[in-house]
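# Report on the structure
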Amino acid sequence: ITGDNNDSTEMVLRAHAREDAMPSLSYDVINTGYPGYERKGGPTRYGSDNMGWLRNAWVRLCIEQWPNLTHLWIVDSDVLPRSDTLSRLISREEQAVGAWVPGCTPMEGWSETEDRPRRTGRENKHDTWFQATCLGGSYLLRRDFIDKMMPDIWGEDPQGEDGYLAKKARRLNITMYADPKAQCEHVMERPA
C-alpha cells in the first residue's frame, strides 16, 4: 500500500520484494488512484484523508489475510526501528503502545482549548513507559483496539491521520502508552 507518492516508491518496493521470504503471499500495490495526490496546506506534508484511507484499507486486507491476527505494527516508511523495538512494545500488553520516533515523538497532553493532543515538554523527561495522548511513526495496536476502532481507525485531521486516531481513542476511553526506550531512527527527507 503506497501513499500519495509521485515518485519511484512503487518501483523501489517491487524491486526489493522477496517472494522467497513468504512464497505463499501474493501482493498488489494499492493506492487511492491519485499518485501525486494534491497536498493541502497545513502542518502535514500530505493529505491525511488519503493516508487514513490507505491505512484503513491495509488493516482490512490484513484481517482478511490473517483473520486470527493479534497485533498490527505500524511503522512509517521513513522510520527505522532498533532491533528490540517490537519486543519492547509487545511486552507492555496494552491496546496501543508507541515507540520513540524523533520528529513525531509521542504526545502526553491534551489541549485545554481545542480538541487535540499536544506536547507538554514532559515527554522528553520520561525514562520509562508513560501514558500518551498521540502516537506516531511506530506503534503497535492490539486486535481488540483495532476491532473497537473499525472501520475508520485513521482519517482526516489537521494533526495528520495519527491525530485522528488519538481523538477517536480518547472518545472511546482507550489509554495509549509510549516507551522512550523503544528507539527508532527517523530518516525523513523534506522536499527542497
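Before going into details, it helps to say that this report is about the structure given with it.

## A few points about the overall build of the protein chain
Helices and strands together make up the secondary structure of the protein chain, namely 5 helices and 8 strands. Element order for the protein chain, N to C, with α for helix and β for strand: α-α-β-β-α-β-β-β-β-β-α-α-β. Partitioning the intrachain contacts of the protein chain with sequence separation of at least 6 by distance along the chain shows that 70% fall at a separation of at least 24. Carbon together with sulfur atoms contributes 48% to the accessible area of the protein chain, which is approximately 11,100 Å² in total.

## Let's talk about the pattern of salt bridges
Within this structure, the stated rule accounts for 12 salt bridges. Residues Arg55 and Asp76 are paired through a salt bridge, measuring 2.6 Å at the closest nitrogen-oxygen approach. Taken together, the residues span a long stretch of sequence, with Arg55 in helix α2 (residues 48-65) and Asp76 in the loop between β1 (71-75) and β2 (79-81) at a distance of 21 residues. On the accessibility criterion, Arg55 (10% relative accessible area) is buried. A salt bridge links Arg142 to Asp144; the shortest N-O distance between them is 2.8 Å. On the basis of relative accessibility, which here comes to 23%, the residue Arg142 falls in the partly exposed class. Residue class for Asp144 comes out partly exposed when judged on its relative accessible area of 28%. One network of salt bridges, in which partners are shared, links Arg55, Asp76, Glu161 and Asp162.

## Digging into the packing of aromatic side chains
For the coordinates displayed, the defined rule picks out 0 aromatic pairs. When the ring centre of Tyr177 is taken as reference, the NZ or CZ atom of Arg92 above it lies at 4.5 Å.

## A short note on α2
Given a rise of 1.5 Å per residue, 18 residues ought to cover 26 Å, and the 25 Å separating the end C-alpha atoms of α2 matches this to within 8%. Along α2, the positions that sit buried rather than exposed are Ser48, Asn50, Met51, Gly52, Leu54, Arg55, Asn56, Ala57, Val59, Cys62 and Ile63. On its buried face, α2 is in contact with β1, β7 (138-142), α4 (143-149) and α5 (161-171).

## A few points about the layout of surface pockets
Volume-wise, the second largest pocket comes out at about 170 Å³. Lining the second largest pocket are Trp110, Gln131, Ala132, Thr133, Ala166, Ala169, Arg170, Asn173, Ile174, Thr175 and Met176. Elements supplying a minimum of two residues to the lining of the second largest pocket: β6 (130-132) and α5. Among the elements that make up the lining of the second largest pocket, the one with the highest residue count is α5 (3 residues). Split into classes, the residues belonging to the lining of the second largest pocket amount to 6 nonpolar, 4 polar and 1 charged.

## Describing the state of the cysteines
Such a bond, covalent and formed between the sulfur atoms of two cysteines, is termed a disulfide. Within this structure, the stated rule accounts for 0 disulfides. Cys104 forms no disulfide, and the closest cysteine sulfur to it belongs to Cys184, at a distance of 8.6 Å. Judged by its relative accessible area of 17%, Cys104 falls in the buried class. The closest cysteine sulfur to the non-disulfide-bonded Cys134 is located on Cys104, 9.2 Å from its own sulfur. On the basis of relative accessibility, which here comes to 7%, the residue Cys134 falls in the buried class.

## Remarks on the nonpolar core
By size, the foremost hydrophobic cluster in this structure holds 26 residues, and its most contacted members are Leu141, Phe145, Trp154 and Leu165. Of all the elements in the fold, those that place two or more residues in this core are α2, β1, β3 (96-100), β6, β7, α4, α5 and β8 (176-186). Other than its neighbours up to four places away in sequence, Trp154 contacts Gly52, Arg55, Asn56, Trp58, Val59, Ile74, Tyr139, Leu141, Glu161, Asp162, Tyr164 and Leu165. Among the nonpolar cores identified, the runner-up in size contains 11 residues, and Ala99, Trp129, Tyr177 and Ala182 belong to it.

Scoring rules and cut-offs
- Residues numbered from 1 in each chain as written.
- Predicted model: local features only at pLDDT ≥ 70, side-chain atom pairs only at ≥ 80, totals over all residues.
- Heavy atoms only, no water.
- Helix = DSSP H or I, 4+ residues; strand = E, 2+ residues; numbered from the N terminus.
- Contact = heavy atoms within 4.5 Å.
- Areas by Shrake-Rupley, 256 points an atom, 1.4 Å probe, with all protein chains shown as cover.
- Salt bridge = Lys/Arg side-chain N within 4 Å of Asp/Glu carboxyl O.
- Buried < 20%, exposed > 50% of the residue type's maximum accessible area, 1.4 Å probe, protein only.
- Phe/Tyr/Trp six-rings, centres within 6.5 Å; stacked < 30°, edge-to-face > 60°.
- Lys NZ or Arg CZ within 6 Å of the ring centre and 35° of its normal.
- Expected span 1.5 Å × (residues − 1).
- 1 Å grid on protein atoms, 1.4 Å probe; cavity = no way out; pocket = protein on both sides within 12 Å on 5 of 7 lines; lining within 4 Å.
- Points joined across faces, edges and corners; volume = space filled by probe spheres on them.
- Nonpolar A, V, L, I, M, F, W, Y, C, P; charged D, E, K, R; others polar.
- Disulfide = S-S within 2.5 Å.
- Core = buried A, V, L, I, M, F, W, Y, C linked by side-chain atoms within 4.5 Å.

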